[in-house]
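What follows is the residue order along each chain.
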Amino acid sequence: MNNTNKPERLGGSAKNRGAAQRAQRRNIDDAQRIVNQHAHAADRPVAKRANKVVDTNNKLKVTFLGGLQNVGEKNMAVIEYGQDAIILDCGNNLSIDLPGVNYEVNDTAYLATIKHKIKAYVITHGHLDHMGGLKHTVPDYPAPIFGSAFTLDVIRKSFDDLPTGSLAVAPQFVSVDIDSHKPETIGAFSVEYIRVTHSLPDAAAVCITTPVGRIVATGDFRLDPEPLDRKPTDTQRLRELGEQGVLLLLSESSYADAEGRVPTESTLQQSFYDIIDEAPGRIFVAAFSSNMNRAQMIINAAVASGRNVALDGRGMLSYAEIAVRQGLLKVPKGTIIPINQAGSLPANQLLVMCTGGQGEPNAALQRMSEGQHRNVNLEAGDTIVVSSSPIPGNEVRYDALSNRLIQKGVRLFRHPTHQLDGCGPLHVSGHAKRDELREMLQMIKPKFFIPVHGGALRRNYHAELGIQEGVPRQNVLLPVNGDSYFFTTTAVESAPAVPYGSTLIDQNGNTVPGVVVKDRVMLSQTGIVTVVLSIDKKSGQLVSSPDILSRGFIAMRDNNEMVNMLRDELRRAVQQRFRRIDLDRFKNELRDHLAQIIYAETGSSPVIIPVINVVDGKQQSSRQRAISTKPTVALTKEAKAQADQQRFQDMRKKLLK
């Protein structure tokens with residue numbers, strides 16, 4: 001400012017100042033853009049629709065709160081008629097790459113508006129993307145939870161993670177026999193479970209009979225005619241429902257871009273026999289923790305070769321415990337040993353079945369590959385079997401895990417490269433490919449069709465498949481999260497969009513506010529510079545040298561020249577501006593001035609935090625006055641500086657923690 005009545009701001013060229021401000025704005029915008037992908041409903045603009053009055057009498061409302069954006073993304077839909085509502089699945093999303101965030105669940109802002117209507121949670125199966133949000137949602141919106149016996153035991157296990165006493169009312173569970181076709185009456189609805197084959201036990205499709213018509217939701221499925229447990233998809237009942245008439249089909253789309261059919265799982269058994277029988281040393285097999293058919297095959301082969309089996313990974317242990325208790329996993333007595341006893345067995349008598357085949361952070365095989373496992377150090381001569389293919393979108397992490405493993409000198413077998421590795425197939429997907437999706441459409445013959453679960457591209461491929469199979473194009477709908485529809489027996493119309501979004505959860509199960517995540521993202525991208533100034537209140541002068549702390553930006557010891565330059569600028573700033581403006585304005589000017597200097601020197605724009613410690617040089621503590629032999633004599637200038645420096649060092653230690 002050049003007005004003589006107003007003091008100038010701190011120096012620096014307008015060009016540098018503008019460049020630094022633009023860099024800071026880019027950092028803020030980039031962080032906000034990342035956080036917006038997982039924003040709360042209150043922070044997310046709702047799409048505006050035509051302002052028309054909708055007659056809701058005798059209409060079925062279907063609303064999507066999650067499950068449409070990506071594969072494995074917090075599935076949740078709400079089905080409403082009159083004063084009754086059921087929630088179809090209630091999942092979480094583990095594919096979150098944000099600092100300090102473990103997973104996300106659906107924001108429940110819309111549920112708050114219909115809390116009085118909610119009669120039940122209808123859960124298709126026990127994977128986290130379909131049930132992992134229940135422990136966060138049910139306490140605030142209590143209602144009975146319906147599911148198969150295996151699914152409910154998995155859900156009960158998830159509620160065990162909650163702190164003792166955190167639930168005001170214990171969850172109510174209703175176990176459904178998925179083979180009896182006996183309907184459960186829930187308010188205005190009747191719900192029937194139908195067995196489908198997936199990659200864990202007791203998965204189900206559900207048929208929701210409403211006053212307007214039937215909804216069939218497939219859940220996750222494949223049409224395997226020969227699953228290891230001999231419990232294939234109940235295609236007969238699905239055909240019967242199709243003949244009786246189905247208003248709406250909600251069908252998963254995870255592999256709608258893959259031609260053909262998923263091979264039958266029984267084809268994998270010989271591959272495990274061959275590898276496990278021939279391997280000379282220790283064997284480690286990574287598989288999805290919930291896939292008990294796969295676990296049974298691995299245990300069968302281990303027992304045949306005279307090996308004990310150690311289970312490693314919390315999810316693996318939890319699912320196996322439930323499956324053994326329900327008689328779904330057959331394990332000969334004495335076969336299973338604790339992982340901490342694995343080192344006591346000869347190498348040719350041990351097989352470790354573990355989690356982490358996708359390279360998930362903190363999973364067992366991931367920690368082994370990084371040399372961070374408590375009980376296992378991988379060695380040359382070990383055999384690693386990765387019984388999975390990368391989940392769509394996870395290819396980079398999957399390959400990174402494989403690279404680390406091969407550098408350990410192990411023998412590695414993976415399904416995507418099984419022919420190169422010299423073995424048979426090691427994985428089949430739990431999700432239907434195009435021929436199976438086509439067959440589902442042919443069996444159900446729906447009037448209306450909504451592809452779900454798989455992201456926009458795969459859902460679009462699935463939509464085109466539905467049109468090919470005879471569903472009128474105008475009856476094939478591609479909603480996004482937050483969309484709602486009203487159905488009658490013959491027609492559909494868009495309803496006003498509802499609030500939707502995400503709630504972020506950390507490792508301890510606590511909610512992480514979006515503003516905190518935004519700050520973490522910015523710090524992870526640019527680092528932080530903290531400057532601490534101790535200034536005498538009366539004189540306005542520094543009582544000690546400015547302290548500059550850097551984290552994630554520069555190494556202080558390697559940048560002495562720059563650090564000294566910043567200290568000189570801080571001294572000049574205090575001398576020129578501190579006593580001429582208020583403290584808040586001084587901090588803001590100091591932040592802007594340092595930002596442009598740092599940007600000019602480095603091209604980077606870290607977060608800058610000024611800490612101003614204003615010291616009253618005449619003050620003494622009551623204790624000092626009490627013990628002073630000359631109470632009327634103030635501390636010497638040297639003593640004051642020493643005391644201030646001590647306080648300054650204490651503050652510095654706190655900042656460095």
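Residues numbered from 1 in each chain as written. Predicted model: local features only at pLDDT ≥ 70, side-chain atom pairs only at ≥ 80, totals over all residues. Heavy atoms only, no water.

A.B. asks: Help me out: how do you make sense of the packing of aromatic side chains in this one?
C.D. replies: The relative placement of two aromatic rings is captured by the distance of their centres and the angle of their planes. Here the structure, examined in full by the defined rule, presents five aromatic pairs. With a centroid separation of 6.4 Å and an interplanar angle of 55°, the aromatic rings of tyrosine 485 and phenylalanine 487 are classed as tilted. Of the two residues, tyrosine 485 and phenylalanine 487, both sit in the buried class. Aromatic pair phenylalanine 578 and phenylalanine 586: ring centres 5.5 Å apart, planes at 80°, arrangement edge-to-face. Comparing phenylalanine 578 with phenylalanine 586, the two get one shared label, buried. What links up through ring pairs into an aromatic cluster is the set Phe448, Tyr485 and Phe487. Looking at arginine 156, its charged tip hangs above the ring of phenylalanine 173, at a distance of 4.7 Å from the centre. (Phe/Tyr/Trp six-rings, centres within 6.5 Å; stacked < 30°, edge-to-face > 60°. Buried < 20%, exposed > 50% of the residue type's maximum accessible area, 1.4 Å probe, protein only. Lys NZ or Arg CZ within 6 Å of the ring centre and 35° of its normal.)

A.B. asks: Even after reading the chapter, I still don't get the side chain of glutamine 296, so can you show me in this structure?
C.D. replies: Secondary-structure assignment places glutamine 296 in helix H8 (residues 292-304). Glutamine 296 sits in the buried class, given a relative accessible area of 10%. Beyond its immediate chain neighbours, meaning those up to four positions away, glutamine 296 contacts Leu228, Leu328, Leu329 and Lys330. (Helix = DSSP H or I, 4+ residues; strand = E, 2+ residues; numbered from the N terminus. Contact = heavy atoms within 4.5 Å.)

A.B. asks: Where do I start with the packing of helix H5 (residues 149-159) against helix H9 (residues 314-325) in this structure?
C.D. replies: Between H5 and H9, the least distance of the axes is 10 Å, while the angle of their chain directions is 140°. Judged on the interaxial angle alone, H9 and H5 are oblique. For the element pair H5 and H9, the recorded crossing hand is right-handed. Residues Phe150, Asp153, Val154 and Lys157 of H5 form the contact with H9, whose own contacting residues are Ser318, Tyr319, Glu321, Ile322, Ala323 and Arg325. A breakdown of the residues in the contact of H5 with H9 according to their chemical character gives five nonpolar, one polar and four charged. (Axes fitted to C-alpha atoms, helices over the stretch in contact; angles between N-to-C directions. Parallel < 35°, antiparallel > 145°, perpendicular 65-115°, else oblique. Left-handed = near helix turned anticlockwise from the far one by under 90°. Nonpolar A, V, L, I, M, F, W, Y, C, P; charged D, E, K, R; others polar.)

A.B. asks: Honestly, the sheet that holds strand S25 (residues 528-536) in this entry has me stumped. Any pointers?
C.D. replies: Two orientations exist for strands paired in a sheet by backbone hydrogen bonds: parallel and antiparallel. Strand order in the open sheet made by the three strands is S26-S25-S27, with mixed pairing throughout. What marks the edges here is a single partner per strand, and that holds for strand S26 (547-551) and strand S27 (607-615). Strand-to-strand twist of the sheet, defined as the mean angle between neighbouring strand axes without regard to direction, takes the value 15°. For S25 and S26, the ladder comprises five bridges, and the chain directions are antiparallel. Residue pairing for S26: valine 532 is matched across the bridge by aspartate 547. Its contacts with the sheet put helix H16 (residues 560-577) on S25 and S26, and the angle it makes with S26 is roughly 130°. (Pairing = 2+ DSSP bridges.)

A.B. asks: Sorry, what's going on with the sheet that holds strand S4 (residues 92-93) here?
C.D. replies: Within the open sheet, the four strands sit side by side as S4-S5-S23-S24. Their pairing is antiparallel. The two strands at the open ends of the sheet, each matched to only one other strand, are S4 and strand S24 (511-512). Note that strand S5 (residues 103-106) and strand S23 (residues 502-505) share four bridges and pair antiparallel. In the sheet register, tyrosine 103 faces S23, and the bridge partner there is isoleucine 505.

A.B. asks: Help me understand the pattern of salt bridges, please; the structure alone is not making it clear to me.
C.D. replies: Any two side chains of opposite charge can pair, on the condition that their charged atoms come close. Tallied over the entire structure, the rule returns 29 salt bridges. For the salt bridge of aspartate 179 with arginine 195, the shortest nitrogen-to-oxygen distance reads 2.8 Å. Of this pair, aspartate 179 sits in the loop between strand S8 (173-175) and strand S9 (184-186) while arginine 195 is found in strand S10 (residues 189-195), placing the two residues 16 residues apart along the sequence. Here aspartate 179 falls in the partly exposed class, since its relative accessible area comes to 42%. Close ionic contact of glutamate 192 with arginine 237 constitutes a salt bridge, the shortest N to O distance being 2.7 Å. Residue glutamate 192 is found in strand S10, and its partner arginine 237 is found in helix H6 (residues 235-244); the two are separated by 45 residues along the sequence. Across the pair, exposure class does not vary: glutamate 192 and arginine 237 are buried alike. Among the charged side chains, a network of salt bridges with common partners joins Asp153, Arg156, Lys157, Glu321 and Arg325. (Salt bridge = Lys/Arg side-chain N within 4 Å of Asp/Glu carboxyl O.)

A.B. asks: Teacher, can you tell me more about the nonpolar core here?
C.D. replies: Nonpolar side chains tend to gather and get buried jointly when the protein is soluble and globular. In terms of nonpolar packing, the biggest core is built from 81 residues, with Tyr121, Leu134, Ile145, Phe272, Leu351 and Met353 touching the most fellow members. Considering each element in turn, this core owes the most residues, seven residues, to H8. Contacts of leucine 351, omitting those with residues within four sequence positions, involve Ile276, Ile283, Val285, Ile298, Ala302, Arg307, Asn308, Val309 and Ala310. In this structure, Tyr193, Leu247, Leu250 and Phe448 belong to the second largest nonpolar core, which totals 33 residues. (Core = buried A, V, L, I, M, F, W, Y, C linked by side-chain atoms within 4.5 Å.)

A.B. asks: Mind showing me how you'd approach empty space enclosed by the protein here?
C.D. replies: Over the atoms, a rolling probe the size of a water molecule traces out where space has been left empty. Scanning all chains against the criterion turns up two cavities of 30 Å³ or more. Space inside the largest cavity adds up to approximately 190 Å³. As for the largest cavity, its lining consists of 20 residues, of which Asn75, Leu88, Asp89, His130 and Val452 are closest to the centre. Put simply, the parts of the chain that give the lining of the largest cavity at least two residues each are strand S1 (60-66), strand S2 (76-81) and strand S13 (248-252). Ranked by residue count, the leading element in the lining of the largest cavity is S13, at three residues. Here the residues of the lining of the largest cavity are counted per class, giving eight nonpolar, nine polar and three charged. (1 Å grid on protein atoms, 1.4 Å probe; cavity = no way out; pocket = protein on both sides within 12 Å on 5 of 7 lines; lining within 4 Å. Points joined across faces, edges and corners; volume = space filled by probe spheres on them.)

A.B. asks: What is the right way to look at the environment of valine 71 in this model?
C.D. replies: Tracing the backbone shows valine 71 in the loop between S1 and S2. Taking the C-alpha atoms as reference, valine 71 lies 6.2 Å from serine 254; in sequence the two are 183 residues apart. Residue contacts for valine 71: discarding those within four places in its chain leaves Ser254, Ile391, Gly454, Gly455 and Arg458.

A.B. asks: How should I be thinking about the packing of helix H7 (residues 269-278) against H8 in this particular structure?
C.D. replies: How two helices pack is summed up by the angle between their axes together with the distance between the axes. Where H7 meets H8, the axes come as close as 9 Å, and the angle between the chain directions of the two elements is 35°. Considering how the two elements wind past one another, H7 and H8 form a crossing that is right-handed. Judged by residue contacts, Gln269, Phe272, Tyr273 and Ile276 of H7 engage Arg294, Met297, Ile298, Asn300, Ala301, Ala302 and Ala304 from H8.

A.B. asks: What is the right way to read the pairing of S10 from this model?
C.D. replies: Regular strands place side chains that alternate from one sheet face to the opposite one. Burial analysis of S10 places six of its seven residues in the buried class, which makes it a mostly covered element. With three bridges joining them, S9 and S10 adopt antiparallel strand pairing. Bridging across to S10, glutamate 184 finds its partner in valine 191. Adjacent in sequence and paired antiparallel, S9 and S10 are bridged by two residues, among which glycine 187 carries a positive phi angle near 60°. With six bridges connecting them, S10 and strand S11 (residues 204-209) associate as antiparallel partners. Note on S11: the bridge partner recorded for arginine 195 is alanine 204.

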